[in-house]
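Residue strings, one per chain:
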Amino acid sequence: MITFAKWAVNNRCNLNCPFCVMSDIKDKELSFEDKKKVMDTLHSMGVEFIDFFGKEPLVDDTVLALMEYATMKGYNFEYSLITNGVNLGKYFEDICMSPCNSITVSYDFSVERSFQTSLDLLEELSKVKFVELSIDVHKGHEKEIFRGVREVHKKGIKSIYVKPILPYGS
């Protein structure tokens, strides 16, 4: 029996990171109705845990709507969500109220974005959800990583995943 599904729920992103492993994906996305059918199929297969990712699952509220759909159907999935954090503020209340158990925010300091704003939201979110911060390390951005890890530690976030990324074009 399959109990774990990792679902790239969309093909859109609000960033354009040159190193993204999903940047070449241009396939047409499933309709929301078809995504609900996928949820039904996952449930019928005995899946217990769904890890939502994509290019960026929070480009809209589809992931949250899918969780709501599954809850209304009586499905007892456990969820995790991997996001770049850009829209965390926009969906903050909905994420807090959702059945999502775990949030991983993946930061790359070589891409311009508001780290501090998202970090404050993660501090609040960590009071009600398990929060993990994934930090990508690119050559030349080591100082930003050390600053980021120190800031995360101050906020009390319990899990930090730091991963080295090969230089572009390697």
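In this report, we go over the structure that sits alongside the text. (Residues numbered from 1 in each chain as written. Predicted model: local features only at pLDDT ≥ 70, side-chain atom pairs only at ≥ 80, totals over all residues. Heavy atoms only, no water.)

## With respect to the pairing of strand 3 (residues 78–83)
Keep this limit in mind: Two strands qualify as a pair provided DSSP detects at least 2 bridges between them. Think of it this way: any DSSP run of H or I at least four residues long counts as a helix, any run of E at least two long counts as a strand, and we number them from the N terminus. Here is how to tell: hold the view so the strands point away, follow the path from the first strand over the helix to the second, and if it runs clockwise the crossover is right-handed.
As paired elements, strand 2 (residues 49–53) and strand 3 share 4 bridges and run parallel to each other. Note that in strand 3 the partner of Asp51 across the bridge is Ser80. Traced from strand 2 through helix 2 (residues 62–72) to strand 3, the parallel crossover comes out right-handed.

## Here's the deal with the nonpolar core
Put simply, the rule reads: To define a nonpolar core, start from buried Ala, Val, Leu, Ile, Met, Phe, Trp, Tyr and Cys residues and group those joined through side-chain atoms within 4.5 Å. Accessible area is worked out with a 1.4 Å probe on protein chains only. A residue is then buried under 20% of its type maximum, exposed over 50%, and partly exposed in between. Contacts between residues were defined by any pair of non-hydrogen atoms, one from each residue, lying within 4.5 Å.
Among the nonpolar cores identified, the biggest contains 37 residues, and Met39 and Phe52 are the most heavily contacted of them. A total of 6 residues in this core trace back to one element, the largest contributor, which is helix 2. For Phe52, the residues in contact, after removing those within four places along its chain, are Trp7, Val9, Met39, Pro57, Val63, Leu66, Met67, Tyr79, Ser80, Leu81 and Ile82.

## A look at the packing of aromatic side chains
This is how it is decided: Aromatic pairing here means that ring centres of Phe, Tyr or Trp (its six-membered ring) are within 6.5 Å. Orientation follows from the plane angle: under 30 degrees is stacked, over 60 is edge-to-face, and everything else is tilted. The rule for a charge over a ring is simple: NZ of Lys or CZ of Arg within 6 Å of the ring centre, and within 35 degrees of the ring normal.
Applying the stated rule across the entire model yields 5 aromatic pairs. With a centroid separation of 5.8 Å and 15° between ring planes, the pair formed by Phe52 and Tyr79 is classed as stacked. Placement of Phe52 in strand 2 and of Tyr79 in strand 3 is noted, with a sequence separation of 27 residues between them. The pair Phe52 / Tyr79 is uniform in exposure class, with both members buried. Here the aromatic residues Trp7, Phe52, Tyr75, Phe77 and Tyr79 are joined through ring pairs into a cluster of three or more. Stacked on the ring of Phe53, the Lys or Arg Lys6 has its end atom at 5.2 Å from the ring centre.

## Details of the environment of Ile2
Examined against the element boundaries, Ile2 turns out to sit in the segment before strand 1 (4–8). Given a relative accessible area of 46%, Ile2 falls into the partly exposed group. A sequence separation of 45 residues divides Ile2 from Val47, and the C-alpha atoms of the two residues are 5.7 Å apart. Residues contacting Ile2, with those up to four places away along its chain left out, are Met45, Gly46 and Val47.

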